[in-house]
Amino acid sequence: FFSGSMLTAPSHTVLVIILTFLTHEAAFQALTYLFSRPKWAKLLHSNARILAYEIVGTAACMYFAVTGAALWFSPSISSILDDRIYGYWEPVHTLLRVHTAYQLWNIVIALRLASLCKAENLVHHSLAALAAALALLPYGHYYAPFFVGISEVTGAFLFVVDLFKMFPSLREAFPVANLASRALFALSHIIVRVCYWSWVAWHMLVDNVH
């Protein structure tokens, strides 16, 4: 899984992935402990671990989205990565290391939480981790800020949608906000994950062929 080139990459790629994985897990455990305290337990019932997962995951997605956007729209990206497929850029490499760790952590979480332990979740996170790891070779550094960065912005809207799912009382108290969050998630998904994704994927395919 971790090739020789990854082991000799700047900042010791494997170590960074391990430490990032442990950081995600530590944050998850800390939030789970907090939400399991008597003050929160009555409100959250059995949702403490799911809420902890949602918060850590959303924070990670926002990091990916903001960092990815900064790199993707950087005026210097074209000059630095004149080879869009096999060029190397350290900030993108860092983003990919964090993303690889995040996807591996998601696999472990899915295996531990019954509501997430579904075949489609495990396959999705496994393929995402593999793709991010392969991009460390390097491969596709020009396009990575979009695929593992900007595309994750939809996770923020999904977090709000999931909150309303977890807490029916919120849905009843804020029905308009509930509908708005669902609409915003659907709209962002169509714009970013369908339309924009297809356009970027096409350009990457063309660059691969050439």
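Residues numbered from 1 in each chain as written. Predicted model: local features only at pLDDT ≥ 70, side-chain atom pairs only at ≥ 80, totals over all residues. Heavy atoms only, no water.

The subject of this paragraph is the overall build of the chain. The helix and strand inventory of the chain stands at 11 helices and zero strands. Taken against the 2.2 N^0.38 rule, which gives 17 Å for 210 residues, the C-alpha radius of gyration of the chain at 18 Å falls within 12% of a compact globule. In terms of overall dimensions, the chain has C-alpha extents of about 55 × 35 × 30 Å along its principal axes. Looking at the 210 residues of the chain, the share that counts as buried comes to 42%. In the chain, 78% of the contacts between residues at least 6 apart in sequence involve partners at least 24 apart. Of the roughly 11,100 Å² that the chain leaves accessible, carbon and sulfur atoms contribute 72%. Distance between charge centroids for the chain: 14 Å, based on 12 positive and 10 negative side chains. (Helix = DSSP H or I, 4+ residues; strand = E, 2+ residues; numbered from the N terminus. Rg over C-alpha atoms; globule rule 2.2 N^0.38 Å. Buried < 20%, exposed > 50% of the residue type's maximum accessible area, 1.4 Å probe, protein only. Contact = heavy atoms within 4.5 Å. Areas by Shrake-Rupley, 256 points an atom, 1.4 Å probe, with all protein chains shown as cover. Lys, Arg positive; Asp, Glu negative; His and termini not counted. Charge placed at Lys NZ, Arg CZ, Asp CG, Glu CD.)

With respect to the helices and strands, the residue S188 is situated in helix α11 (residues 175-209). With sequence-adjacent residues up to four places away left out, S188 is seen in contact with T154, F157 and R193.

What follows covers the packing of aromatic side chains. What the rule picks out here adds up to 15 aromatic pairs. Taken together, a centroid distance of 5.9 Å and an interplanar angle of 45° make the contact between W72 and F146 tilted. Of the two residues, W72 is situated in helix α4 (residues 48-72) and F146 in helix α8 (residues 144-147); the sequence distance between them amounts to 74 residues. Note on accessibility: W72 and F146 belong to one class, buried. Put simply, the rings of W72, Y142, Y143, F146, F147, Y196, W197 and W199 pair up and form one aromatic cluster. The ring of Y142 has R84 lying over it, and the distance from NZ or CZ to the ring centre is 4.5 Å. (Phe/Tyr/Trp six-rings, centres within 6.5 Å; stacked < 30°, edge-to-face > 60°. Lys NZ or Arg CZ within 6 Å of the ring centre and 35° of its normal.)

By the secondary structure assignment, N208 is in helix α11. The class of N208 is partly exposed, set by a relative accessible area of 33%. Each C-alpha atom of the pair N208 and R97 lies 23 Å from the other, and the pair is 111 residues apart in sequence. Not counting residues up to four positions away in its chain, the partners in contact with N208 are I85 and Y139.

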